[in-house]
Structure formats: C-alpha cells, structure tokens
Amino acid sequence: MNKVMENSKRWIDVAASDDLEEDDVIKIEAEGKAIALFLVEDVYYAIDDGCTHELASLSDGYLEDTVIECPLHQGAFCIKTGKALHAPAEKPVDTYEVEVRSDRIFIRL
Amino acid sequence: MKLKSYVIVGAGQAGCNAAKALRAADPDSKITLIGEEAYDPYERPQLSKGILSGTIQTSELLVVEPDYFDIQKIVFLKSSAVVSIDPGMKEVRLSNDRRLPYDKLLLTTGSKARQLRIPGSKLKGVHYLRTLDQAKALHEHLAVAEHLVIVGAGFIGLEVASIAKQYKNCTVTVIEAGETVLQRGVPEEMREKIHHLHQVHGVKFIFKKSAVSLLGDDLVTGVECQDGQILSADCVVVGIGVEPRTELAQDAGLAIQNGIVVNEFCETSTTNIYAAGEVTSHWNRQLDEFIRLESWQTAQLQSVCAAQNMTGTPTKFDQVPWFWTDQYDVNIQLVGVLSSGQQAVHRHFDENKFIYFYFNNKKLCGAFGFNTGKYIRATQKLLEREISPDPSILADPEQDLGKLLKSKKGP
C-alpha cells in the first residue's frame, strides 16, 4: 500500500465496548463510511457494511460464528478476512483493524 | 480419452451457474451453453426493481464477467434456439439445423410469462415483464405514462406498482380476479400487510373483477372490466403468472407434471438428461410432495446441485424454500412452506419491521417478515435442522434466534 495512504490512516473511536453483546453486530458510521462491527468470542471485527453483491446492509444479516450473511440474498462473508464465502457474493468486503482501549472501540480508517 | 461433453439448454441464472459449476468440477470437459436471448446471462429479480426504476445498470445483473466464457473455454451460443432433443442419439438440434452431441444434457429453460388472451392484448403499451428488453421498454414507457393499470396482483404486479409509485408520476390501479393480493402460497397476514402497504402509497385495487378487453386502436387507452367498468390507461402491465417452459422436454418424452419432473439428484425420467431451476417439479422434504418454485433460490442452487450430479458427485437437492420481494422501502421475505390453517405468532419491532412464524401442531412450518432478513435466515436454519422452538419464544423480541440455534446445534 502507498505509504502516504498508510500514514493518513488513523484510529477512530466508533463505539463503546458494551454497545455489543457476544455474537452481535452493529452498524456504525465513521468518516462517511458505513461499517459493520462484530463481537464474536470476545474478539471485535470490523468490515464494510455494504454487501458487494447488491445494495444491502450486512449488519442486518444473519451472523453465525465468524460468517455474516447478507439479509437480501444470503451471500456470505468471513468477518475476519472479508472473503466472500458463498454465492452470489464473489468480491470480498474491506476489513479494518480494531482495538479496544479502555471501554471504547477504535477502528483504523 | 474422449472429453466429456455437457450441453446446457437455457442461459439464464440457472444455466450459467450450472456451466460455472461444471467447469469447476470438470476442467477438461467440453461445455456448451445455449440461450435464446441476445444478452450474456443475467439475474431476473432486478428487472422488476432496479432496472424498472432506473437505479441500477444492466451490467450489474450479469451472472459472470463478460470475458468469463472465453477464459473458461465455455462455448456460449446466444440468440440460439434449441428445437428438439433426441435422447436416443444423445444430441440436440438448433434452429439453424446444427446438431450438438452430448454426454450429459441439462435443461434450465425456466418459465415464460402467462399471456393474457383477451381482445386488444396485442395493442402498443401493453407490457409483460420477464426479459431485460421488456423491463427496459416498460421503464421507458413509465417515464411518460399517466395512467398505469396492472392486471394481476401477484408479486410482479405489486413490484411494478411499487416502482411506479416511488419513481414515476402515474396513477396506479391493480385489477385482480381474486379476492385480494397474492392468492397463491402466501399466508393471510402477509396478504393483509402487503395490501395495506400499497394502499398507504396510493395504489388503487379492484378485486373480484376480470379484465375482458383492452381498448384502443393502436395504443392502449383503457381496460374494460367484466361488469362494463372502463379504466382509463395509457400503460398496461400484465402479471398473471408464469408457465414452465417444458415443451422441449415434453416432445423428447420426459415426464412432465407441473414442470419437468426430477428426482433429488436433478435427474429427469430420461437417462443422461437433467433439469434445474424453476422449470423443475422436485421433491420437497417438508411437504413430502413435488413442488415447482419460481424463485431465485432454485435457479441459484439447484443448478449447482445438478452440475455436481452430472460430474459424478451424487448430491441431493434439499432446500427449505426461501423467497424475497422488494416493495417501497420494505424487503419482504418468506421461508418454508406456508398454507392456510397454520397457527401464527408474531414478533413486532415496528410498523415496517416484523416477522410472523407459522406452526402446524406445534411444528414450525415457516415465516414471513418485513425487513427481517436475519430472522428469516435463522428460521430457515431452524427448519433445516427440524427444530421447533416454543411459539412464545419466537414471539419474544428479546429472544435471540441465533443463540437458540447455537444451543441446539446437535451433539
């Protein structure tokens, strides 16, 4: 990745750690982006909220383990890697680094 | 060694997905995909949604990238019609008299729109909605139409009504011979909720009346009802259902019963001929009978299942039926097999977000909901695993269906 781009990334406070329960997903907005934030087995994950197949919000989808399914067509993505796992989704979604600082959740954008 | 030759008749979503799955399973085989339309394979759900509203591009419908067939060495014959199948010779004949031999043949011929057979039904301004060309023509006409009349209150008619009300400036009247909207395979609560949704948006309904004639000399100007009432119309959409395209299969002697009959391995009654997608009449575990499903799911999944069977990996097609429609800002989904007489409980979030669960003697049969895709999916998993939670648990918005599944995941 371009160095300037990399440097221009910064950590952004997006939620409180108790905004999510275990096996939960919420939608957050940061820097004009819609992001789905997950908590699975005590680990937080962040991916783009928009399905790469058609316009739909992944945070409205069904979460099982670390797989989120689009609520419209059941295309599925790995929330750890962003990889498309199940048709009709083929393109991956972007993932973001997540850090918990005290009781706040930060993601790197 | 002679390479295996697969021929697929019908290049819609089902046919194209089958071609992909065949190529993945058998990299060296010869694959020929034959379709009547002039386009690359595309998905149809958006024809009555994004294409009609003009909010999405044709390229977004494509099942594969334009260079896919070249890269994968799949012969794709577009604008080509198959006129007959000879199961004895194991070949299909095209309209240009060319013959193509096959080792395994797959029929993914889909459905065609049922035609309205009344006087005036060939007038200009009378539309059907099954193909991309038809969707584009209707999109253009709706931009200038003043009075839209829709014949038939099924899913297509209602999706057109919702797009017309959201994006166009015309009056919308739906005429339906039945007593209410969505007469087939849909529970009463769903009919009521969807009917109400359209009324709120200003769609006018005329129930229990048939259209007997379309009026006009060249362009349509009106719709005459059975009691003589005349509805002014400069645009008419006919949405009175579809019929499976079984002609080729029937002529070739395959068993037909409300579709091409296939077993759970997508095999027809004739050796080496398979069928997949909404043209099939296939076994449903939940109902314990053969059904034909006009849905994206069947096109998407049964085709892949057929390809696996054709390439020597026996795979059963066993899906809990699942369906969606988009109307206004509501994504409506239905899962399972619902019929009258089932008991309903519902989980309410707000006016446009709720789900109804249906039971038959405490056995979960399915659900439908507005803007509740996640809960519908959980219900589908409950049905797949034959888990029937207590109705009061399903009705309680505080209960997490995912956790319910997790706790009953099996040993």
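Keep in mind that what you see is a predicted model, and the values were worked out from it rather than measured.

Take the overall build of chain B next. Broken down by element type, chain B carries 11 helices and 26 strands. Taken over the C-alpha trace, chain B has a radius of gyration of 22 Å; the compact-globule value for 411 residues is 22 Å, and the two agree within 12%. The buried share among the 411 residues of chain B stands at 55%. Sequence separation of 24 or more characterises 61% of the internal contacts of chain B that already satisfy a separation of 6 or more. Here chain B has roughly 18100 Å² of accessible surface; of this, 48% comes from carbon and sulfur atoms. On chain B, the mean spot of the 45 positive side-chain charges and the mean spot of the 48 negative ones are 4 Å from each other.

A tally of regular secondary structure across chain A gives one helix and 11 strands. Reading chain A from its N end, one meets helices and strands in the order α-β-β-β-β-β-β-β-β-β-β-β. Since a compact globule built from 109 residues should have a radius of gyration of about 13 Å, the 13 Å found for chain A is in line with a globular shape. Over its C-alpha atoms, taken along the principal directions, chain A stretches across nearly 35 × 35 × 20 Å. Put simply, chain A has 109 residues, and 50% of those count as buried. Contacts in chain A between residues at least 24 apart in sequence constitute 40% of all its contacts with a sequence separation of at least 6. By element, 47% of the accessible surface of chain A is carried by carbon and sulfur atoms, the whole surface being about 5600 Å². Taking the average place of the 11 positive charges on the side chains of chain A and the average place of its 24 negative ones, the gap between the two points comes to 11 Å.

This part covers the state of the cysteines. Residues and elements named next belong to chain B. Under the definition given, this model contains zero disulfides over all chains. With no disulfide of its own, Cys-16 lies 17 Å from the sulfur of Cys-266, the closest cysteine sulfur. Taking relative accessible area as the criterion, Cys-16 reaches 0% and is therefore assigned buried.

Since one α-helical turn is 3.6 residues long, residues separated by three or four positions face the same way. The end-to-end C-alpha separation of helix H5 (residues 155–167) of chain B is 18 Å, in line with the 18 Å expected for 13 residues at 1.5 Å each. Every buried residue of H5(B) is listed here: Gly157(B), Leu158(B), Glu159(B), Val160(B), Ala161(B), Ser162(B), Ile163(B) and Ala164(B).

Turning next to the packing of helix H1 (residues 13–25) of chain B against helix H8 (residues 296–310) of chain B. Residue and element names in this part refer to chain B. Two elements in contact, H1 and H8, have axes separated by 8 Å at closest approach and are oriented at 35°. Between H1 and H8 the crossing geometry is right-handed. Here Gln-13, Ala-14, Asn-17, Ala-18, Ala-21 and Leu-22 of H1 lie close against H8, whose contacting residues are Trp-296, Ala-299, Gln-300, Ser-303, Val-304, Ala-307 and Met-310. In terms of residue class, the contact of H1 with H8 is built from nine nonpolar, four polar and no charged.

Taken together, the contact pairs 22 residues of chain B with 19 residues of chain A. Summed over both sides, the interface of chain B with chain A buries roughly 1700 Å², with 41% coming from carbon and sulfur. Ranking the residues of chain B by area buried against chain A places Lys374(B), Arg377(B) and Lys406(B) at the top, with a combined share of 28%. At the surface where chain B touches chain A, the tally comes to three salt bridges. Linking Lys381(B) and Glu64(A) is a salt bridge whose minimum nitrogen-to-oxygen distance equals 3.3 Å. Of all elements in the fold, only H8, strand E22 (322–327), strand E23 (330–336), helix H9 (373–384) and helix H11 (401–407) of chain B reach the threshold of two or more residues within the side of chain B that touches chain A. For the side of chain B that touches chain A, the element with the highest residue contribution is H9(B), accounting for six residues. The class makeup of the residues in the side of chain B that touches chain A is five nonpolar, seven polar and 10 charged.

Parameters at a glance
- Residues numbered from 1 in each chain as written.
- Chains lettered and ligands numbered in written order.
- Predicted model: local features only at pLDDT ≥ 70, side-chain atom pairs only at ≥ 80, totals over all residues.
- Heavy atoms only, no water.
- Helix = DSSP H or I, 4+ residues; strand = E, 2+ residues; numbered from the N terminus.
- Rg over C-alpha atoms; globule rule 2.2 N^0.38 Å.
- Buried < 20%, exposed > 50% of the residue type's maximum accessible area, 1.4 Å probe, protein only.
- Contact = heavy atoms within 4.5 Å.
- Areas by Shrake-Rupley, 256 points an atom, 1.4 Å probe, with all protein chains shown as cover.
- Lys, Arg positive; Asp, Glu negative; His and termini not counted.
- Charge placed at Lys NZ, Arg CZ, Asp CG, Glu CD.
- Disulfide = S-S within 2.5 Å.
- Expected span 1.5 Å × (residues − 1).
- Axes fitted to C-alpha atoms, helices over the stretch in contact; angles between N-to-C directions.
- Left-handed = near helix turned anticlockwise from the far one by under 90°.
- Nonpolar A, V, L, I, M, F, W, Y, C, P; charged D, E, K, R; others polar.
- Buried area = accessible area lost by both parts, 1.4 Å probe.
- Salt bridge = Lys/Arg side-chain N within 4 Å of Asp/Glu carboxyl O.

Nothing here speaks to function; it is geometry throughout.
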